[in-house]
Structures are given as C-alpha cells and as structure tokens.
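Residue strings, one per chain:
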Amino acid sequence: MLKLEKVSKSWTEFEIKNICLEIGDTEYLTILGPSGAGKTLFLELIAGIYTPDSGRILMDGKDITSLPPEKRNLAYIPQNYALFPHLTVYDNIAYGLKLRKIPNVRKEVEEIAKILGISHLLHRKPKTLSGGESQRVAIARALVIKPKLLLLDEPFSNLDIQTRTRLINEMRKLKSQLRFSALHVTHSLEEAIDLGDTVGIMLDGELVQIGEVREVFSRPVNDRVAKFLGFDNIFEGVAEGRILKVDGISIKLPAEAKGRVRIGIRPESILVSKNIIHSENVFKAKVTAFEDIGAVVRLTLKTGDIEFRAFVTRSFLFEMGMKSGMEVYIGFNTSDVYVFL
Amino acid sequence: MPRRSYIEVFFAIFGSFLVIYIVLPIAFILIRQLAYPEMLINALHDEHVINALKNSLLTSTATVIIALSFGVPLGYVLARKEFRGKGAVQGVIDVPIVIPHSVVGIMLLTTFSNRILDSYIGIIMAMLFVSTSFTVNSSRDGFLAVDEKLEHVARTLGASKLRAFFSISLPLALPSILSGAIMTWARAMSEVGAILIVAYFPKTAQILVLEYFENFGLETSMPISVILIVLSISIFILLRWVIGKYAQA
C-alpha cells in the first residue's frame, strides 16, 4: 500500500539517503536505528510534513510525493504524543472526526475510547494524564479517523517497562482488530522483536537491511548492522573450509567458506570459566578489563592478539574471584558464529 | 541564621528601594487628591476632561487592534520560519524602543506631513510606532512556545495549514499574545512625546494633563492625572487577571 522509491532528503543535521521500501496492507514494519539515524525525518517525509529532495512516495499506486499531510489519510504519533494541551481528551480524539464532518462524532469517540480503556478520561485535560494514559489517547486520536497507515515515532520510549509491555500487546491486538498498516520507528531491540512482522535497520539515514525479524537478527548483512544489533565480537580472517584463521587463532565455522571473511559472535554466547569448557571453540584467555553495564558486567578477554567481549553476571564475577590478568577459558558453539557476507 | 539568608535579606531590603520608589508617588498623589474630593468631582464633570479621556481610550484601543492584526502574523513568521534577513527584521521591530519619542513625532511628521497632522490617524500612528514591538515580540514568543509537532499532528488528522493555525497554535499562544497587547495598550495610553508633535488635537488625556500644568499649574493638573492613573491601572490589572484565568483553564 505504501511504496518509497529512492527517497532522499537533507534537513538540518539529519539526512535520509535513497530509501526504497514497500509496506503491504496490515503489515507492521518496525524501523530500528540508533538516535540520530534520521528516523523522525523519515516518518515526517511519509507524513508529508517535509517534501523529499528527490524520489517518489506512492500510496496504493498513487503518487503522493507532493500531497499535503491532510490529504494523505494517515495518522502520525510523534514521540512526545503531541496531545493538544488546550483541549480535553474527548476533543483531542474528536479533532480529526470534526474536520471530516462525520455525523456521529460522540459515538465514534466513545467506541475507540472503550477499546483503549480510556472512557473514564474523556473529560480530562492532557496535562493531568500519566505517560501510559497519554499514549493511549494519542493512539485513540490517530486510529479514530481510520487511517490506512499509522506512523509511530518511539511510541513506548517514555514509558515504564510494565506499561510498555502491556501496550505492545494491545497494539498487536488492535492491529488485527482495526486492520491498519503501521510504520514504527524505535531504537529498542525488544520493541522491534515484539512488534514487527518485518524489521528494517536504519543507520546514518540509510535503510541498510530489511527482512523478517528473525532473519535480520540472526543474519546481519554487514558488520555495521551486526554491531548495532549487539554483536560485540566481530573478527576478520581468512577462511579455509570450515576453519577461519584470525591473528593466529583458529575458529570453527558453521559452514564452509573461502577467502577473507567476517564473523560476529554475541557477547552473551560466550561462556567464561576457570575450568576447561567442553565446546566446539575453546581458548585460553586473559581478563584485561571489566565494565559494569547495569545488570551484567562486560569482560574483555585477550587471547593471542584478539579481544573477545563476554557478558557475565555480577555474582558470577564475585564467586570466581575474577581479577584483571587472570587466566580463564572461554568457549562458544559454532552455531553462535555468524558469517557476514 | 545561615550566612546565605543574611545575604538574601540584605538584597531584598536593597531591592525594595525600587518598589517603594514606584509605589510612593502613586500613593502620594492619590492621598493628596483625596484631601480635595470636590476637585476630582469637578474634573469628572469637565467636558474637556471627559472628551480627552474618550480620545485616549479610543486611539489606544485602535492602536492595539492594528498592532494585533499585523503583529500576530509577523510574530508567527518570526517564530516558525528561518530566512535571510530575519535578524534585521527582528532588529527593526525593536528600533522604536531606542528612539526618543519626540524624535518619533518629528520623523512621522516629516514623512507624512499634513496628512496626519492634528488628526485621530496621527495620534494612532504615533502610538503604533512606539508600542507595536510589544505585540510582535510577545506573539513571536507565544508561537515559539507552541510545539511545532502539534501543528504537524493536526495536519495529519486533516487540518489545513490555516485550520491548524486557528484551532491549535493561536489558542495556545493567545495568553502570550494578549499580554503583549496589554503592554501595547498601556504604552499607547502613556505616550506623550510623539503625540505632542504630531497631533496636539484632537486632545487626548495625556496632552490635557500637560496643558493644565503649563496653563494653571500643579494643583489643576492633579485631578485628571489621578483619573488617568486609576483608569489605566484598573484596566491593566483587570486584563492581566482575565488572561491569567484563561491561561490556567
């Protein structure tokens, strides 16, 4: 239903480069990218708030590249929700309906409010609402006009984890109940995994990879995507059959390869132990650094000339009496080694 | 008492000098006039005084309406658009504040000569010149404080640019715009220098004060001064209160 053909735009410090994309009816596409990747600009180009420098945007086969936002029949939920502060929740939701001169505004508003569980908030002003309530009002205001496409900018990033999980589940239900397509941009891997049929990776204004969630996460197309998706261990070496030689160590590969090859291993796939490990790839390594990153500690482990990064829990670190310079074993299975093309 | 509090107390005492300095003359003239209430009543029955007050209120209100109709669109453009020469435009708007008001009168008369001499138009033009920047600047600040995303969302929900302006941006910027308009009104009511040169007639209250003072002395100019003070301050307070209520709602 929505198709982008080589859309580019440069605006202030942000840039969108040559984006080609297609979203089908009732598809939920998540675009994942770090902050500053141009995700918001990307949505606002589709919404019609900015016009692309080059390229075309088509909706149901019709060129809408230069159509103003009010003629595109889509809805946009910005990151801060942008509820109209001078209007009540009811008037916020009714805003789009009144403009469309729909006969039974009250009925429509009450219906969508019931679906989203905000019927008791209709008389309130936005500033009295909690984050989760504001989010629901924003979703109601967007969906009540029955848009073909819903654009969401980091919709769950300002919410606590419980509210977020609940809303993500509700979004899934709404999608099948009200049948709209959605384009959702986020920097959160969890959100992308939980929501998307399809996920696209946006880095520096480029749509680098797009595909099914499982596929993108397991087979990043290049090491930029891999790094962003959390592959902390990326090595380049020369492959011969199922063996990759990297700076003097040999790593067993999941499949045969030849010539210069890059591989990625997630830090959570690497086992660390004082004793010998039974695994397909085992190395002796020296602990060179600790880094506390919240729930886990990231270890830097040196073997030969290469450095591995691995996650361990804080209690594990304590039990092992781990110190800098200590010798340990590290291991990982070949199935956790990803070969990038 | 900790040392910091001493400093704050000292600053507060020091700073209240200015507050007292402003309140004192106002209180003094009001109290002095209360001693001679019959002069005040006479002034209120004086046809010259009543006509002059009418002229002042009429012209300053007209000034506000003109300032709003041109200043709000200008303020919106200054808040929303980046363009070459924006700094210069902003500078021009602020220029009237630095020009002595008698000079403003001379400039207007030089430019428009007899067409504005001694007319309502002349009074309004003098008032507009010295007071319009308040409305433009506070409109701009008002629109700057309205998140542009609100307009964007209104557009995607089906509003045209103009509709989004009138239904979203304008109501949200209104308290700021109106407090600028009150400043414009107050500034217009208190203008003398430029009016004196451009339009001595039709006589406004602020000019009448001057005339009574020069012809009959301090005592005679006092009642009309008191009427002007009371009128201006009450309208000022009333409007501020109404806007405060609106902004809270």
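**Concerning the overall build of chain B**
So, step 1. Looking only at helices and strands, chain B features 11 helices and 0 strands.
So, step 2. Listing each helix as α and each strand as β along chain B from the N terminus yields α-α-α-α-α-α-α-α-α-α-α.
So, step 3. Dimensions of chain B, computed from the C-alpha atoms along their principal axes, are close to 65 × 65 × 30 Å.
So, step 4. Buried positions account for 37% of the 249 residues belonging to chain B.

**Looking at the interface of chain B and chain A**
So, step 1. Taken together, the 15 residues of chain B in the interface contact 19 residues of chain A.
So, step 2. At the level of secondary structure, the elements contributing two or more residues to the side of chain B that touches chain A comprise helix 7 (148-156) and helix 8 (161-189) of chain B.
So, step 3. A total of 7 residues in the side of chain B that touches chain A trace back to one element, the largest contributor, which is helix 7 of chain B.
So, step 4. Tallied by class, the residues present in the side of chain B that touches chain A amount to 8 nonpolar, 4 polar and 3 charged.

**A look at the nonpolar core**
So, step 1. Among the nonpolar cores identified, the biggest contains 139 residues, and Ala75, Ala140 and Leu151 of chain A together with Ala126 of chain B are the most heavily contacted of them.
So, step 2. In terms of residues, this core owes the most to one element, helix 8 of chain B, which gives 12 residues.
So, step 3. Not counting residues within four places of it along the chain, the set of residues in contact with Ala126 of chain B comprises Val104, Gly105, Leu108, Glu191, Ala194, Ile195, Val198 and Ala199 of chain B.

**As for the packing of helix 2 (residues 89-99) of chain A against helix 4 (residues 131-143) of chain A**
Residue and element names in this part refer to chain A.
So, step 1. Where helix 2 contacts helix 4, the two axes come as close as 7 Å, and the packing angle between them is 25°. Here helix 4 runs roughly parallel to helix 2, going by the angle between their axes. Handedness of the helix 2/helix 4 crossing: right-handed. For the pair helix 2 and helix 4, contact is made by Val89, Asn92, Ile93, Tyr95 and Gly96 and by Val137, Ala140 and Arg141, respectively.
So, step 2. Grouping the amino acids of the contact of helix 2 with helix 4 by side-chain chemistry returns 5 nonpolar, 2 polar and 1 charged.

**A look at the pairing of strand 7 (residues 149-153) of chain A**
Residues and elements named next belong to chain A.
So, step 1. Among the 5 residues in strand 7, 5 count as buried, and that is most of the element.
So, step 2. Neither face of strand 7 is left uncovered, since the one carrying Leu149, Leu151 and Asp153 and the one carrying Leu150 and Leu152 both have all their residues buried.
So, step 3. Across 4 bridges, the pairing between strand 6 (residues 74-77) and strand 7 is parallel. Looking at strand 7, one finds that Tyr76 is bridged to Leu151.
So, step 4. Direction of pairing for strand 7 relative to strand 8 (residues 181-186): parallel, over a ladder of 5 bridges. Bridge pairing in strand 8 links Leu149 to Ser181.
So, step 5. Taken together, strand 7, helix 5 (residues 161-178) and strand 8 constitute a β-α-β crossover, and its handedness is right-handed.

**Looking at the environment of Leu109 of chain B**
Residue and element names in this part refer to chain B.
So, step 1. Counting through the fold element by element, Leu109 comes out in helix 5 (residues 101-112).
So, step 2. Look at Leu109 and you get buried, because 20 C-beta atoms sit within 10 Å.
So, step 3. Note: C-alpha distance between Leu109 and Val130 (21 residues apart in sequence) is 14 Å.
So, step 4. Not counting the four nearest positions on each side in its chain, Leu109 is found in contact with Leu117, Ile197 and Val198.

**Describing the sheet that holds strand 18 (residues 338-340) of chain A**
Either a parallel or an antiparallel arrangement is found when strands of a sheet pair, and the pairing is made through backbone hydrogen bonds.
All names here are of chain A.
So, step 1. The strand order across the open sheet built from 3 strands is 11-12-18, with neighbouring strands paired in antiparallel fashion. Each edge of the open sheet is held by one strand with a lone partner, namely strand 11 (233-246) and strand 18. Sheet twist, expressed as the mean angle between neighbouring strand axes with direction ignored, is 50°.
So, step 2. Strand direction decides the pairing type here: strand 11 and strand 12 (residues 249-265), joined by 13 bridges, are antiparallel. Counted as the bridge partner of Ala239 is Gly259 from strand 12.

**Let's talk about the domain arrangement of chain B**
Residues and elements named next belong to chain B.
So, step 1. As far as domains go, chain B holds domain 1 (1-35) and domain 2 (48-248).
So, step 2. Domain 1 puts 4 residues into the contact, and the matching count from domain 2 is 5 residues.
So, step 3. Taken together, the residues of the side of domain 1 that touches domain 2 break down into 3 nonpolar, 1 polar and no charged.

**Digging into helix 8 of chain B**
So, step 1. The terminal C-alpha atoms of helix 8 of chain B, which comprises 29 residues, lie only 36 Å apart, well short of the 42 Å expected from a rise of 1.5 Å per residue.
So, step 2. Along its length, helix 8 of chain B reaches its greatest deviation from straightness, about 55°, at Leu174 of chain B, and the proline Pro175 of chain B lies no more than four positions downstream.

**Observations concerning unusual backbone geometry**
So, step 1. Note the cis peptide between Phe201 of chain B and Pro202 of chain B, where omega equals -15°.
So, step 2. In this fold, Pro202 of chain B is placed in the loop between helix 9 (193-198) and helix 10 (205-216).
So, step 3. We note that Lys146 of chain A has phi near 50°; this positive angle belongs to a residue other than glycine.
So, step 4. Secondary-structure assignment places Lys146 of chain A in the loop between helix 4 and strand 7.

**Let's talk about the domain arrangement of chain A**
Much of the literature gives interface size as the accessible area that the parts lose upon coming together.
Residues and elements named next belong to chain A.
So, step 1. According to the domain assignment, chain A contains domain 1 (2-222) and domain 2 (230-340).
So, step 2. A straight line from the C-alpha centre of domain 1 to that of domain 2 covers 39 Å.
So, step 3. Residue-level contacts link 4 residues of domain 1 with 4 residues of domain 2.
So, step 4. Classifying every residue of the side of domain 1 that touches domain 2 gives 1 nonpolar, 2 polar and 1 charged.

About the criteria used
Residues numbered from 1 in each chain as written. Chains lettered and ligands numbered in written order. Predicted model: local features only at pLDDT ≥ 70, side-chain atom pairs only at ≥ 80, totals over all residues. Helix = DSSP H or I, 4+ residues; strand = E, 2+ residues; numbered from the N terminus. Buried ≥ 20, exposed ≤ 12 C-beta atoms within 10 Å, placed from the backbone. Contact = placed C-beta atoms within 7 Å. Nonpolar A, V, L, I, M, F, W, Y, C, P; charged D, E, K, R; others polar. Core = buried A, V, L, I, M, F, W, Y, C linked by C-beta atoms within 7 Å. Axes fitted to C-alpha atoms, helices over the stretch in contact; angles between N-to-C directions. Parallel < 35°, antiparallel > 145°, perpendicular 65-115°, else oblique. Left-handed = near helix turned anticlockwise from the far one by under 90°. Pairing = 2+ DSSP bridges. Right-handed = clockwise from strand over helix to strand, strands pointing away. Domains from an automatic or database assignment. Expected span 1.5 Å × (residues − 1). Bend = angle between axes of the 7 residues up to and from the residue.

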